[in-house]
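# Summary of the model geometry
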Amino acid sequence: MPHTTASTGPFDLFTGLPVHVLIAHAVVVLLPLAVLTLILVITIPKLRSHYRYPAVALAIAGAISAIIAEQSGEALEARVGSAGQHSEWGEMLPPVAVALAVLSVIWLIVTRMSSSRGKVLVAIIGGVIIVLGIIAVVITVQAGHSGSEETWSERIEDTDSAVTDMESEPEMMP
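No experiment lies behind these values; they were computed from the predicted model shown.

Below, the discussion takes up the overall build of the chain. A tally of helices and strands in the chain yields four helices and two strands. Reading the chain from its N end, one meets helices and strands in the order β-β-α-α-α-α. Evaluated residue by residue, the chain yields a buried proportion of 33% over its 174 residues. Approximately 10,800 Å² of the chain is accessible, and the part contributed by carbon and sulfur atoms is 68%.

In structure tokens form, the structure reads like this:
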């Protein structure tokens, strides 16, 4: 894929920085936080009345940030080339995050049903959300780790020897 220096759209740069670098941090915070909150409100009924709306809002925010991260990642890839495994993990995340958000909204609607059928649906959808949430967190961690490795591993390895060299030299007193 050819590299470009021209802007590739709204997900390319923000004040001269790649949007992807900025939004990736939102994904890494929002999705796991959404999953944790959803698991708590699904498994602890006492928490539902107060925290179900924030939990679903976090899931929606996580899905939106995952979509923006994917789009901005493609814009960054046009500038610097493929990020390999990071790109593959990053492309898997938005569909899972969107499914999590949609199921969370459905779960929220179904929690308002007072019938026994509604309670069974709440439990089934809740179980699917928990499994999907765990998958979303695993993909988020894999995408984040592979992106960090792609960006930093060579730079850190280069500085390891410099730090070791500096530590082995005797300090000189002024």
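So that's the structure; there's more coming.
This brings us to the environment of Pro 32. Secondary-structure assignment places Pro 32 in helix H1 (residues 19-43). The spatial distance from the C-alpha of Pro 32 to the C-alpha of Val 137 is 5.7 Å, given a sequence separation of 105 residues. Residues contacting Pro 32, with those up to four places away along its chain left out, are Val 27 and Val 137.

Here we take up the nonpolar core. Counting residues in each nonpolar core, the largest one holds 32 residues, and the members touching the most others are Leu 31, Leu 38, Ile 42, Leu 93, Leu 100, Trp 107 and Ile 129. The element contributing the most residues to this core is helix H3 (residues 85-110), with nine residues. Every residue in contact with Leu 38, bar those within four places of it in the chain, is listed here: Ala 55, Val 56, Ala 59, Leu 100, Ser 104 and Ile 129.

Next up on the list: the side chain of Thr 140. Its place among the elements puts Thr 140 in helix H4 (residues 116-168). Apart from the residues within four sequence positions on either side, Thr 140 is in contact with Val 27, Val 28, Leu 31 and Leu 93.

What follows covers the environment of Gly 126. Relative to the elements of secondary structure, Gly 126 occurs in helix H4. Leave out the neighbours within four places in its chain, and Gly 126 touches Ile 42, Trp 107 and Leu 121.

Before going further, it helps to examine a nonpolar patch on the surface. On the surface, a nonpolar cluster with roughly 400 Å² of combined accessible area is contributed by Val 29, Leu 33, Leu 36, Leu 40 and Ile 44. By relative accessible area, Leu 40 is classed as partly exposed at 36%.

This next bit is on the side chain of Arg 52. With respect to the secondary-structure elements, Arg 52 resides in helix H2 (residues 45-80). Glu 70 is the oppositely charged side chain nearest to the buried, salt-bridge-free Arg 52, at an N-O distance of 30 Å.

Below, the discussion takes up the environment of Ala 55. Within the secondary structure, Ala 55 sits in helix H2. Remark: the alpha-carbon pair of Ala 55 and Leu 40, spanning 15 residues in sequence, is separated by 9.1 Å. Not counting chain neighbours up to four residues away, the residues in contact with Ala 55 comprise Ala 34, Thr 37, Leu 38 and Val 41.

Definitions and cut-offs
Residues numbered from 1 in each chain as written. Predicted model: local features only at pLDDT ≥ 70, side-chain atom pairs only at ≥ 80, totals over all residues. Heavy atoms only, no water. Helix = DSSP H or I, 4+ residues; strand = E, 2+ residues; numbered from the N terminus. Buried < 20%, exposed > 50% of the residue type's maximum accessible area, 1.4 Å probe, protein only. Areas by Shrake-Rupley, 256 points an atom, 1.4 Å probe, with all protein chains shown as cover. Contact = heavy atoms within 4.5 Å. Core = buried A, V, L, I, M, F, W, Y, C linked by side-chain atoms within 4.5 Å. Patch = residues over 30% accessible without salt bridge, like charges linked within 9 Å, V, L, I, M, F, W, Y side chains within 5 Å. Salt bridge = Lys/Arg side-chain N within 4 Å of Asp/Glu carboxyl O. Lys, Arg positive; Asp, Glu negative; His and termini not counted.

Everything listed here is a matter of coordinates, which is why it stays silent on function.
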